[in-house]
Amino acid sequence: MMKRVIQKLFLGAFVICIMGFYCFIAPASLDTHSELLASCAPNIKVWNNSQSIREDVACAPKLNLMFLKTHKTASSTLMNILLRFGEKNQLKFALPDSSNDFSYPSSFIRTQVKSYQPGTCYNIVCNHMRFNAPEVKKLLPADAIFFTIIRDPAELFESMFHYFKAYIPQTWRIPGENQFKEFLAHPNRYFNPKGINAFYLKNLQFFDLGFENDLDAGDPRVQQGIEYVEKHFQYVLISEHFEESLILLKDALCWQMDDLLFFKINARNVTSVALMSPEMKTQARQWSGADWQLYRHFNATFWARVEAYGRSRMEEHVKELRRRNAEMEAICIDGGRAVEAKDITDRHMKPWQPIGKASILGFNLRTDIDQQYHELCRKMLTPEIQYLTDLGVNLWITRLWGWFKDSIIQFWMSS
C-alpha cells in the first residue's frame, strides 16, 4: 500500500513539473503591433471527378481547411486522411513546434505554429488545440472550410477516463476496484475544477472548442457556445457515424472517394473498454451536460444533412467506401487486422500508448505489397507522432515525455 502511495506521489510531482515546464516554454503573448495576415488565393484547379457524388459535374476541390481535432472522437483517423490529402496536393500545413499539439490545454495563438512568420499562407490546420477562432482565422485564407467531430459524451467519457486517468491526480484517490463506476455515481465527491488536467473529467469537447468545461447544462452560456460553434464551423461530424460523416464531407469539399480511404488509427483493444449500463450512460451525459447539449444539437443537424443528401444515396456511398477500405486492408495489412503493440514488428508503426496497459492497437505492414500501393499503405498505417516527424516536426517534448513514460514510469509501476 505504501509503495502505491509513493508511486502516485512521484507521478503527481512529475506531472506538475511537466505541466509547469510546458506552460513556461509555450508562447504566452503576441506582439500588439499590426501585421500582414495570410492572404492565400483559393486554388482554382478544376478536374472532372468521375467518382464524385456529382458524377457528371466539373468540380473544384476545397483545399483550405481547418479541422479542430477533438479528443477521443476518431479524430486521429480523420487527421491521417487530411495529412495524406495535403501531401498529395502539396499543401502547406500549419504544424506545431516541439510537440504534437499547439501547447494544449492553453488557448491557441498563431505564434505556436512552427516557423510562423506574419503573412504566411497556410492551407491546413489539423493538430490538437484549444480553439481560438480569431487566431486561427489569421492563419488561413477567407475561403477556408472549418469542421470538427464530436462524440456521444457517455462513450467519450469512458474512453477518456481510462486513457487519461493516470494524468489526472484527482482520480487517484477514488476508492474501490471500479473507479470509473464510482466516479460516475458520485462525481462531485471527487471532481475539483481547479485540479491538474481537470478538463478531461467534464465537458471535454466544450473545452476543446474554447469554452469553460465546468458549465452545467442549464447555464445560458451553453446555448451561446452552441450558437458560436454553429457560426464558426460549417460542418460538425459525428464520430458514431464516421463513414456517413466522411461522405457528407466529401460532398462539401468536392473530393474523390480515394481521398477518404482510411484505417482506424488509435483504436483500443476491446478488452480495455469498460461496459456501461444504461444508468451509467445517463450519469455520464448528465455530468457532462454541456457536451450532451452540444451533441444533441449537432446530431440533429447531422441527420438533417443526411436526409437532404438522401438515405438510399448515402447507403450506396457508404457501402462503396467500405468496399474500397476492405480492398486496401487486404493489400496493406499483414493478417488483415489490427494487433497489440507488442506484436508490431516495425517500431515506426507503433502507436503512442497511455500510462499503464498498452491498450492502443496498431498494424503490421505486409512485406509483399505491390509497388504502386506501398507508399499509400505506409502512410495510411503510420501513427500520428511518426507522421508528424516525417513531415519535419521536431517533437522533442513529446519524445522526452514518451521516453520517461515508457522507461521510467512503467518500470516504477511494475517494480
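Thresholds, definitions, all that
Residues numbered from 1 in each chain as written. Predicted model: local features only at pLDDT ≥ 70, side-chain atom pairs only at ≥ 80, totals over all residues. Heavy atoms only, no water. Salt bridge = Lys/Arg side-chain N within 4 Å of Asp/Glu carboxyl O. Helix = DSSP H or I, 4+ residues; strand = E, 2+ residues; numbered from the N terminus. Buried < 20%, exposed > 50% of the residue type's maximum accessible area, 1.4 Å probe, protein only. Pairing = 2+ DSSP bridges. Contact = heavy atoms within 4.5 Å. Axes fitted to C-alpha atoms, helices over the stretch in contact; angles between N-to-C directions. Expected span 1.5 Å × (residues − 1). Arc of directions from axis to C-beta. Parallel < 35°, antiparallel > 145°, perpendicular 65-115°, else oblique. Left-handed = near helix turned anticlockwise from the far one by under 90°. Nonpolar A, V, L, I, M, F, W, Y, C, P; charged D, E, K, R; others polar.

## As for the pattern of salt bridges
Reasoning step 1: Tallied over the full model, the rule gives 23 salt bridges.
Reasoning step 2: A salt bridge links Lys-379 to Glu-87; its shortest N-O distance comes to 2.9 Å. Residue Lys-379 is located in helix H13 (residues 371–381), and its partner Glu-87 is located in helix H2 (residues 75–88); the two are separated by 292 residues in the primary sequence.
Reasoning step 3: Taking the relative accessible area as the measure of exposure, Lys-379 reaches 22% and is therefore partly exposed.
Reasoning step 4: The salt bridge involving Arg-324 is made with Glu-320; its shortest N-O contact spans 3.8 Å. Here the residue Arg-324 and the residue Glu-320 both occupy positions in helix H12 (residues 311–332), the gap between them amounting to four residues, near one helical turn.
Reasoning step 5: Judged by relative accessible area, Arg-324 falls into the buried class, the value being 12%.
Reasoning step 6: On the accessibility criterion, Glu-320 (24% relative accessible area) is partly exposed.
Reasoning step 7: One salt-bridge network, in which partners are shared between bridges, spans Asp-258, Glu-320, Arg-323, Arg-324 and Glu-327.

## What about the sheet that holds strand S6 (residues 235–238)?
Reasoning step 1: Spatial ordering of the open sheet is given by S4-S3-S5-S6, a layout of four strands whose pairing is parallel. Looking along the sheet, the strands with just one partner apiece sit at the ends: strand S4 (124–125) and S6.
Reasoning step 2: On top of the sheet, helix H11 (residues 289–309) reaches strand S5 (145–150) and S6; it is set at about 95 degrees to S6, its chief contact.

## What about helix H8 (residues 220–232)?
Quick reminder: α-helices carry 3.6 residues per turn. Residues three or four places apart thus point the same way.
Reasoning step 1: The end-to-end C-alpha distance of H8, which contains 13 residues, comes to 19 Å, matching closely the 18 Å that a straight helix rising 1.5 Å per residue would cover.
Reasoning step 2: Among all positions in H8, only Val-222, Gly-225, Ile-226, Val-229 and His-232 are buried. All buried residues of H8 fall inside an arc of 140 degrees around its axis, so they share one side. Within H8, the exposed residues directed more than 90 degrees away from the buried face are Pro-220 and Lys-231.

## With respect to the packing of H8 against H11
Reasoning step 1: In the contact formed by H8 and H11, the axes pass within 10 Å of each other and the chain directions differ by 40 degrees. With respect to H11, the axis of H8 lies oblique. The handedness of the crossing between H8 and H11 is right-handed. Mapping the contact onto sequence places Val-222, Ile-226, Val-229 and Glu-230 in H8 and Ala-290, Gln-293, Leu-294, His-297, Phe-298 and Thr-301 in H11.
Reasoning step 2: Class assignment of the residues belonging to the contact of H8 with H11 gives a composition of six nonpolar, three polar and one charged.

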